[in-house]
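Spelled out from the first residue to the last, the chains are:
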Amino acid sequence: MLSLNSLEGCRRVPAQPCPASGSPGSRPPSRTGAPPDASSRFYVAFILILLTLTPRADSSWWYFGALGARVICDNIPGLVNKQRQLCQKHPDIMQAIGEGAREWIHECQRQFQHHRWNCSTIDRDHSVFGRVMLRSSREAAFVYAISSAGVVYAITRACSQGDIKFCNCDPKKTGTDRDEKGEFNWGGCSDNIHYGIKFARAFVYAKEKKVKDARALMNLHNNRCGRMAVKRFMKLECKCHGVSGSCSLRTCWSSMSDFQKTGDYLRKKYNTAIQVTMNQDGTGFMEANKNFRKATKNDLVYFENSPDYCLMDKSAGSLGTAGRVCNKTSRGNDRCEVMCCGRGYDTTRVTRTIKCECKFVWCCAVRCKDCEETVDIHTCKAPKRAEWLDQT
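Source: prediction; values computed, not measured.

Let's shift gears to the sheet that holds strand β2 (residues 182-186). Read across the open sheet, the four strands follow the order β1-β2-β4-β3; overall the sheet is mixed. Each of the sheet's edge strands pairs with one partner strand only, and the pair in question is β1 (176-179) and β3 (234-241). On average, each strand axis in the sheet is tilted by 45° relative to the strand beside it, whichever way the strands run. By the bridge criterion, four bridges tie β1 to β2 in an arrangement that is antiparallel.

Written out as structure tokens, the structure reads:
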């Protein structure tokens with residue numbers, strides 16, 4: 001577990017000043033951050049009422065994204081003492097986590113937009129996703145992984161932007177180094193991925209370490225997969241210096257890739273997730289089926305099979321697919337036969353306005369006409385009432 005003191009030890013250090021903004025080959029230096037604005041009395045009252053009316057659930061820190069950056073550490077239900085301490089001591093990081101939560105939730109919904117389970121969020125529920133997270137399914141595995149990745153990404157980005165008091169650019173990226181293209185000089189502002197990983201581990205692990213059961217072990221494993229996924233896509237960006245762009249000298253910095261790459265990677269891990277059971281001494285996993293391959297530290301793991309998400313089932317957290325838009329001609333998971341679970345679909349013909357016949361006009365403008373098109377929208381039929389009642 002990372003201590004508060006070790007986190008504070010990553011203060012800004014004058015290891016090597018970043019090149020001035022606008023200098024050749026430099027990544028823009030970090031900017032000085034400012035603490036988040038104080039909440040108004042009305043806003044505080046609104047948050048307290050919202051939290052009072054919200055049922056308890058695990059991973060309450062996900063709710064930071066729903067509340068926004070201005071969180072009230074003492075009144076976020078479900079946080080353990082260690083998380084409250086980190087929240088109180090690092091309000092700037094909590095702001096980054098809040099902003100990052102919206103980003104990874106959006107990425108989750110992008111990844112599953114054409115599936116029966118589409119990463120739907122539940123209003124007034126600080127677990128964000130509702131009862132679907134109570135099942136140790138591969139959906140829960142994915143959410144824990146991408147949420148952990150989102151925390152790392154948000155904190156690391158905020159460090160580079162100078163928005164966090166105790167960290168800045170990566171102080172280890174100084175002097176000269178080599179890659180397959182030859183020697184280069186470290187410059188600009190390298191993303192401090194190590195600080196992001198350490199703080200995310202300290203904050204997220206604080207709760208899971210309190211409970212020593214199978215689900216906590218599953219969460220810890222998938223959280224780690226998410227954190228390492230961000231690190232996997234770190235890239236080296238360089239700027240050449242020299243006569244006529246000869247690149248005889250290079251200035252380089254390390255930066256994170258777009259978060260979408262992490263989302264794509266974790267989605268693939270979701271598709272190949274391994275179903276496991278606890279080993280006999282309760283310290284690790286074993287494959288649920290001898291025909292399954294052994295889970296590695298980079299695999300997502302889960303215990304329970306997922307519901308089919310076809311029907312609304314409050315106990316399982318399934319919203320069902322009634323009313324969902326499907327694609328009649330698709331061969332993917334969004335095709336109507338799959339999305340609608342064999343219940344059929346309704347078709348509505350609508351007319352909408354789109355931009356068409358766009359032309360580039362010198363200089364620097366694109367002009368389009370407004371055109372009308374008629375399209376068919378297919379939506380899944382609701383189940384028969386008797387069938388629906390069986391699931392509620």
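Read on for the rest.
Applying the stated rule across the entire model yields 11 disulfides. Between the sulfur atoms of Cys240 and its disulfide partner Cys247 the distance amounts to 1.9 Å. In this structure, the disulfide formed by Cys240 and Cys247 twists by about -55° around the S-S bond and is classed as left-handed.

The next thing to look at is the side chain of Ser318. Relative to the elements of secondary structure, Ser318 occurs in strand β9 (residues 318-319). Overall, Ser318 belongs to the buried group, its relative accessible area being 4%. A distance of 3.4 Å separates the side chain of Ser318 from the backbone nitrogen of Gly320, its partner in a polar contact. Once you skip the residues sitting within four places of it in the chain, Ser318 turns out to touch Tyr309, Cys310, Leu311, Met312 and Asp313.

Moving on, we get to the sheet that holds strand β10 (residues 325-326). Ordered in space as β10-β12-β11, the three strands form an open sheet in which the pairing is antiparallel. Unpaired on one side and paired on the other, β10 and β11 (345-361) mark the two borders of the sheet. Note: β11 against strand β12 (residues 365-380), 15 bridges, orientation antiparallel. From the neighbouring strand, Lys355 faces β12, where its bridge partner is Asp370.

Counted under the stated rule, the structure contains 11 aromatic pairs. Between Phe199 and Phe203, the ring centres sit 6.4 Å apart and the planes meet at 10°, which makes this aromatic pair stacked. Here Phe199 pairs with Phe203, and both are found in helix α7 (residues 193-208), just four residues apart, close to one helical turn. For the pair formed by Phe199 and Phe203, the shared burial category is buried. Grouped by ring-pair contacts, the aromatic residues Phe112, Trp117, Phe142 and Tyr270 constitute a single cluster. When the ring centre of Phe112 is taken as origin, the NZ or CZ atom of Arg267, which lies over that ring, is 4.5 Å away.

Each value, and the rule that gives it
Residues numbered from 1 in each chain as written. Predicted model: local features only at pLDDT ≥ 70, side-chain atom pairs only at ≥ 80, totals over all residues. Heavy atoms only, no water. Pairing = 2+ DSSP bridges. Helix = DSSP H or I, 4+ residues; strand = E, 2+ residues; numbered from the N terminus. Axes fitted to C-alpha atoms, helices over the stretch in contact; angles between N-to-C directions. Disulfide = S-S within 2.5 Å. Buried < 20%, exposed > 50% of the residue type's maximum accessible area, 1.4 Å probe, protein only. Polar contact = N/O pair within 3.5 Å; in protein donor to acceptor, adjacent residues only side chain to side chain. Contact = heavy atoms within 4.5 Å. Phe/Tyr/Trp six-rings, centres within 6.5 Å; stacked < 30°, edge-to-face > 60°. Lys NZ or Arg CZ within 6 Å of the ring centre and 35° of its normal.

Remember, this is a structural readout, not a statement about activity or role.
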